[in-house]
Amino acid sequence: MATLLLLRHGRTAANSDGILAGRAPGVGLDARGSEQAAAVPGRLAGVPLAAVVHSPLQRCRETVAPLLAARPGTPARVEERLVECDYGSWTGGKLGELAREPLMDVVQRQPSAAVFPGGESLRAMAHRAAAAAREGDAAVEAEHGAEAVWLACTHGDIIKAVVADALGLHLDLFQRINVGPGSLTAIRYTAERPFLLRLGDTGHLDGLAPTAAGPGPAADGTAAVGGGR
């Protein structure tokens, strides 16, 4: 199947200030985040993109803007299911203060049981994120072929949930995954199994460009044995 590139939005002032931005409006990229966004076209210079989707939030729109400007013919759309988790009354709170809340221990140790007051459960967030990734990938392959590469710009917890799903990890283990602002994660879905090709990569991604054998592992889902092919 196609290859999905998950791009976490660039850094925001909320990231650097330890604020849980959630779905609060008006949260844009800071200077470092703008630099990270500006670097994306160069990092993906050797990788053809069949489509770009992104969370509706401002910071994701700003992150993909330089890429879309560099590739004006690339189809792009909003994917509502890739929006940030709804943190309810925690939105806008300081993480240092929220860390003292009993719920934070649940978020850290048993996220599958965490429901944010007035907001969303992490289980619901993970379900919609994985569905968006898998259904989006199938649609891209159907339209553009098995060698297609597409990009989704979204948020840290969303990417962690998609990666956990691809690896077959229980949601209670997804806090072991870390993806920084501006990083790229690559997953190739196959009929046999998903493959995690990159995780939190901040360098160039030209190694993911399709070749005669396709990017990454075999298209039939055969895993490399004895060091790879």
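Nothing here was measured: the structure is a model prediction, and the numbers come from that model.

With 4 bridges joining them, strand E5 (residues 184–188) and strand E6 (residues 195–201) adopt antiparallel strand pairing. Note on E6: the bridge partner recorded for leucine 184 is aspartate 201. Connecting the antiparallel pair E5 and E6 is a turn made up of 6 residues.

With respect to the secondary-structure elements, arginine 71 resides in the loop between helix H3 (58–70) and strand E3 (76–78). A relative accessible area of 19% means that arginine 71 is categorised as buried. Reaching out from arginine 71, the side chain makes a polar contact with the backbone oxygen of valine 47 at a distance of 2.7 Å. If we skip the residues at most four places from it in the chain, arginine 71 touches Leu44, Ala45, Val47, Pro48 and Leu49.

Here we come to the sheet that holds E3. Judged by pairing direction, the sheet is mixed, and its 6 strands sit side by side in the order E3-E2-E4-E1-E5-E6 without closing on themselves. In this open sheet, the two edge strands, each paired with only one partner strand, are E3 and E6. Going from strand to strand, the sheet's axes swing by 15 degrees on average, the running direction of each strand aside. Note that strand E2 (residues 51–54) and E3 share 3 bridges and pair parallel. Considered in E3, the bridge of valine 53 is made with arginine 77. Each of strand E1 (3–8), E2, E3 and strand E4 (149–154) touches H3; the most contacted strand, E4, lies at about 145 degrees to it. Of the strands in this sheet, E1 and E4 are in contact with helix H6 (residues 122–144), which crosses E4 at around 150 degrees.

What counts and how
Residue numbers restart at each chain and count upward from 1, following the sequence in its written direction. At least 70 in pLDDT is required for a residue's local features to be given in this predicted model, at least 80 for side-chain atom pairs to be given and counted, and no such filter applies to totals for whole chains, interfaces and linings, which use all residues. Processing note: side-chain calculations cover all non-hydrogen atoms of the structure and skip hydrogens and water entirely. Pairs of strands are assigned from DSSP output, requiring at least two bridges between the strands. The helix count covers DSSP runs of H or I at least four residues long, the strand count covers runs of E at least two residues long, and both are numbered beginning at the N terminus. The buried label applies to any residue whose accessible area, calculated with a 1.4 Å probe on protein chains only, is under 20% of its type's maximum; exposed applies above 50%, and partly exposed to all values in between. Whenever a nitrogen or oxygen atom comes within 3.5 Å of another N or O atom, the pair is scored as a polar contact, on the condition that within protein one atom can donate a hydrogen and the other can accept it, and that pairs from neighbouring residues in sequence are kept only if both atoms are in side chains. Note on definitions: a residue-residue contact is assigned when non-hydrogen atoms from the two residues lie within 4.5 Å. Whenever a helix is involved, its axis is fitted only over the stretch in contact; in every case the axis is a line through C-alpha atoms, and angles between N-to-C directions fall within 0 to 180 degrees.

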